[in-house]
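Results of the structural survey
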Amino acid sequence: MTFVSSDVPFTSPLPLFSNEHSKAGRNGSYKKFRACQFEQQPTNYCEIHREHKTRTSMAENMIIRVQSPNGMKKIPATKKETAAAFLNKVGKEFGFPSNGFTIFLNRNKTDEIQSQNKTLSLLKIKHGDMLYLYPSGSPGPAGETMDLATPHSSSLPSTSHSSSSSSSMMSRSHSAPQISEDEIDQYLAKQEGKIYRNKDPQLCRHGSMGKCVHCVPLEPFDEEYLSHLEPPVKHMSFHAYIRKLTGGADKGKFVALENISCKIKSGCEGHPPWPEGICTKCQPSAITLNRQKYRHIDNIMFENHTIADRFLDFWRKTGSQRMGYLYGRYTEHKDIPLAIRAEVAAIYEPPQIATQNSLELVEDPKAAAVEEIAAKLGLRKVGWIFTDLLSEDTRIGTVKYTRNKDSYFLSAEECITAGHFQNQQCNPCRLSPDGHFGSKFITVVATGGPDNQVHFEGYQVSNQCMALVRDECLLPCRDAPELGYAKESSTEQYVPDVFYKDKDKFGNDITYLARPLPVEYLIIDITTTFPKDPQYTFSSTPRFPIENRDILGETQDFHSLATYLSQCTSTVFLDMVSDFHLLLFLVTNEVMPLRDSIGLLLDAVKTKDEELAQTWKKSEQWATIEQLCSTVGGQSSGPQEYGAMGGGPSTPASSSSMWSCLHCTFMNQPGTELCEMCSLPRG
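The protein is annotated in an unreviewed UniProt entry as Nuclear protein localization protein 4 homolog of Oncorhynchus kisutch. In the Pathway (unreviewed entry) part of its UniProt record, the protein is described as follows: "Protein degradation; proteasomal ubiquitin-dependent pathway." Among the UniProt annotations of the protein, the heading Sequence similarities (unreviewed entry) holds the following wording: "Belongs to the NPL4 family."

Helices and strands together make up the secondary structure of the protein, namely 19 helices and 28 strands. Looking at the protein alone, contacts between residues at least 24 apart form 64% of all its contacts between residues at least 6 apart. Accessible surface for the protein amounts to roughly 37300 Å². Of this, 51% is attributable to carbon and sulfur atoms.

Now for the nonpolar core. The biggest cluster of nonpolar side chains holds 76 residues, and the ones touching the most others in it are L377, L561, I598 and L601. Residue contributions to this core peak at 7 residues, all from helix α15 (residues 580-588). Excluding residues within four positions of it along the chain, I598 makes contact with L583, L586, V587 and W616. Within the second largest apolar cluster, 26 residues are counted, among which are I184, I340, V399 and I442.

So, about α15. Among the 9 residues of α15, 9 are classified as buried, and the element is accordingly described as predominantly covered. Looking only at α15, the buried set comprises F580, H581, L582, L583, L584, F585, L586, V587 and T588. Here the buried face of α15 lies against α9 (305-318), β11 (339-348), α10 (367-376), α13 (558-566), α14 (573-577) and α16 (599-607). A distance of 2.9 Å separates the backbone nitrogen of H581 from a side-chain oxygen at the start of α15, and that oxygen is part of D579.

Contact geometry for helix α11 (residues 412-424) and helix α12 (residues 463-470): axes closest at 9 Å, N-to-C directions at 90°. Considering their axes alone, α11 and α12 lie roughly perpendicular with respect to each other. For the pair α11 and α12, the contacting residues are C415, I416, G419, H420, Q422 and N423 in the first and C465, M466, V469 and R470 in the second. In the contact of α11 with α12, the residues fall into 5 nonpolar, 4 polar and 1 charged.

Within the secondary structure, T110 is located in the loop between β3 (101-104) and β4 (112-113). Spatially, the C-alpha atoms of T110 and Y132 are 9.9 Å apart, while their sequence positions differ by 22 residues. Not counting residues up to four positions away in its chain, the partners in contact with T110 are F104 and L105. At a separation of 2.8 Å, a polar atom in the side chain of T110 contacts the side chain of N106.

The sheet built from 3 strands is open, its strands ordered β21-β22-β25 with antiparallel pairing. The outermost strands of the open sheet, each flanked by one partner alone, are β21 (474-476) and β25 (517-518). Its contacts with the sheet put α11 on β21 and β22 (483-486), and the angle it makes with β21 is roughly 140°.

Further remarks concern the packing of α16 against helix α17 (residues 610-617). Between α16 and α17, the shortest axis-to-axis distance is 8 Å and the interhelical angle comes to 160°. Considered as vectors, α16 and α17 are oriented roughly antiparallel to each other. Both α16 and α17 take part in a crossing whose hand is left-handed. Touching L600, L601, D603 and A604 of α16 are L612, A613, T615 and W616, all from α17. When the residues that make up the contact of α16 with α17 are grouped by side-chain class, the tally is 6 nonpolar, 1 polar and 1 charged.

The subject of this paragraph is the state of the cysteines. Using the criterion set out here, one finds 0 disulfides in the structure. Free of any disulfide, C415 has its nearest cysteine sulfur in C465, 5.6 Å distant. Exposure remark for C465: the relative accessible area of 0% places this residue in the buried category.

Restricting attention to buried positions, one finds in α16 the residues L601, L602, A604 and V605. Down the axis of α16, the buried set is contained in an arc of 155°. They therefore lie on one face. Tucked into the core, α16 has its buried residues touching α10, α14, α15 and α17. K608 sits one or two positions beyond α16 and adopts a positive phi of about 55°.

Time to look at the pairing of β3. Because side chains alternate across β3, one face comprises the buried residues F101 and I103, and the other comprises T102 and F104, equally buried. With 4 bridges connecting them, β3 and strand β5 (residues 130-135) associate as antiparallel partners. By the bridge assignment for β5, I103 is matched with L133. Bridge count for β3 against β4 is 2 bridges, and the pairing is antiparallel. Bridging across to β4, I103 finds its partner in I113.

As for its placement among the helices and strands, Q352 is situated in strand β12 (residues 352-354). Using a relative accessible area of 14% as the deciding quantity, one classes Q352 as buried. Reaching out from Q352, the side chain makes a polar contact with the backbone oxygen of M323 at a distance of 2.8 Å. One polar contact links the side chain of Q352 to the main-chain carbonyl oxygen of P350, over a distance of 2.9 Å. Sequence-distant contacts of Q352, that is, excluding residues within four places in its chain, are made with R322, M323, L359, E360, L361 and V362.

As a further point, take the sheet that holds β4. Each strand in a sheet pairs with its neighbour through backbone hydrogen bonds, running either in the same direction (parallel) or in the opposite one (antiparallel). Read from one edge to the other, the open sheet built from 5 strands follows the order β2-β1-β5-β3-β4, with strand pairing classed as mixed. Taken across any chain shown, the strands that pair with only one partner, and hence form the sheet edges, are β2 (71-78) and β4. The pairing of strand β1 (residues 61-68) with β5 spans 3 bridges and is classified as parallel. Note that in β5 the partner of V66 across the bridge is L131. Helix α3 (residues 83-94) rests against β1, β2, β3, β4 and β5 of the sheet, and its axis sits at about 145° to β2.

On inspection of all chains with the given rule, the structure shows 24 aromatic pairs. Between F302 and F456 the ring centres are 5.6 Å apart and the planes differ by 50°, which places this aromatic pair in the tilted class. With F302 in strand β9 (residues 299-302) and F456 in strand β20 (residues 454-461), the pair connects residues that are 154 residues apart, well separated along the chain. Using a relative accessible area of 0% as the deciding quantity, one classes F302 as buried. Judged by relative accessible area, F456 falls into the buried class, the value being 13%. Here the aromatic residues Y325, W384, F386, F421 and F441 are joined through ring pairs into a cluster of three or more. The ring of F94 carries K73 above its face, with NZ or CZ at 5.8 Å from the centroid. We note K381 situated over the ring of Y325; from NZ or CZ to the ring centre the distance is 4.2 Å.

Rules used throughout
Residues numbered from 1 in each chain as written. Predicted model: local features only at pLDDT ≥ 70, side-chain atom pairs only at ≥ 80, totals over all residues. Heavy atoms only, no water. UniProt positions renumbered as here; feature names shortened; annotations may be inferred. Helix = DSSP H or I, 4+ residues; strand = E, 2+ residues; numbered from the N terminus. Contact = heavy atoms within 4.5 Å. Areas by Shrake-Rupley, 256 points an atom, 1.4 Å probe, with all protein chains shown as cover. Core = buried A, V, L, I, M, F, W, Y, C linked by side-chain atoms within 4.5 Å. Buried < 20%, exposed > 50% of the residue type's maximum accessible area, 1.4 Å probe, protein only. Polar contact = N/O pair within 3.5 Å; in protein donor to acceptor, adjacent residues only side chain to side chain. Axes fitted to C-alpha atoms, helices over the stretch in contact; angles between N-to-C directions. Parallel < 35°, antiparallel > 145°, perpendicular 65-115°, else oblique. Nonpolar A, V, L, I, M, F, W, Y, C, P; charged D, E, K, R; others polar. Pairing = 2+ DSSP bridges. Left-handed = near helix turned anticlockwise from the far one by under 90°. Disulfide = S-S within 2.5 Å. Arc of directions from axis to C-beta. Phe/Tyr/Trp six-rings, centres within 6.5 Å; stacked < 30°, edge-to-face > 60°. Lys NZ or Arg CZ within 6 Å of the ring centre and 35° of its normal.

This is the structure:
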């Protein structure tokens, strides 16, 4: 008989109850067997006690998950551990001081865990529970900070107790809330967005306080509801798309709106740079073009017809095409859930070379001044507009219908230009690691419609097109304006493969290489409207000449200003100066620029405050403008012009006063007959 310790399996060469054992009876061998068996018993009890103790300690240990703006960490703890000790452990793990954060049991910042002597078991914290950490002073509503920071959690470094790591974590936790979104985005983010429906008298079988599948509120991204609108909506709004991503049980905590990149990632040291080497780590992914399901702008509205008519006057008088920048504001579009409307209040026409078939933009020295004036007026650049008009019958004023489904809606070159502008005007977005996603910049085309009248069509290009244009991967085709062309890789640039899907004659989906590429895969159409009741940010009449129209003989100078003020029938000073082009001239003219002193007047126009405008009218700057206008006006039209400006009757300019050249508007000294600047006669 062989005996082993309790931790080794028991083995015996004979059966445990063999005949030999039964014959042993009460002999010594049997007593020896019993004694050995008795001596091993205490060892088994110790092992059982040790195993029980181990199981008990394992039951007391637990892992608590803590979610913070920096990501989630797992904190080891015990049931008997106090809340104060646990908070100290969390602070060391995240690199926060003891009073630099707050922990809650719920995401909505309820049931705060305070530093106290209660154990975690008394606080009903169990193994695997999720707690929520908020840094002290973290802005935003409950749950917003978590959703913002989660896309970055995968790129966070491992926990370190060094001061440098702590400072970097603090900076990252506060970087996302610092993204300044547009006011309209902040407003729509706070709206519920539900589509409420009335009780159906035929299908609903419940009381007035009940709800069923026929009357329960719909989500703003419900495609069936959008398709039944009049007219049908093919693209949901961008905020409805965000609600779709952030809905569900996880509340979108893993959502990250990534911008497409067509460039090789830098910093790959495993091989020589392109074109000598490339790997899957730094190589950009291939792009398959798809119809974008959402759009950043859902409606375009011109405040009144006057804005568009004045823009079209250039084509009517010259036959050449024209381009301009749209200035306005973004507002809520209530016809579509959580939608945004671009309202156009003014059109600025930059310097350009125009023909009947082409447009070429030149450098604009006034671009910064225009942006500054628009910002002070509460406006911003919301898009661009251009004409593509060919006259069909000048007697009845019809135009040719050239842009349709059989030709194209936007040419490849126009798509590339629109993508360039949209990349310049990126949309700030809190859910993007880059801080921006897409663009609200719109494109409007004035072209002929099916009824041979001038129509205004609105578009945007997709985010995929923006990426191709930004990384210089898309080219137009010379002989086919409706086709683009994805560049091929060269020694200077690597270009990822671009594909699109189409159906063959049998109805099968076929993938094609985008060489060439139909540009309709890149276009998003937007409805363009005019209101029934016209709105006026600026005065409707009279009209100051538009800038950069010297080819028509319409110049912005003090003679034009004197004529404009003399034709004003209104005695209200605010109505006289409420003209975007006039304000631009007052700021950018070379004789008497008012860039540093016109702020009060711009505030008056923005708020429509007549008293504020009258206060600015009494300034020395406006008195100088009046004197210059009276001098020019006295030479051309007589003394009544200056009286129309509110300065009272004036006398004709004498030879002893300064005079303005009619050709270059230079102010010359009295007694001279030739302009000192252009040498032309006083005339």
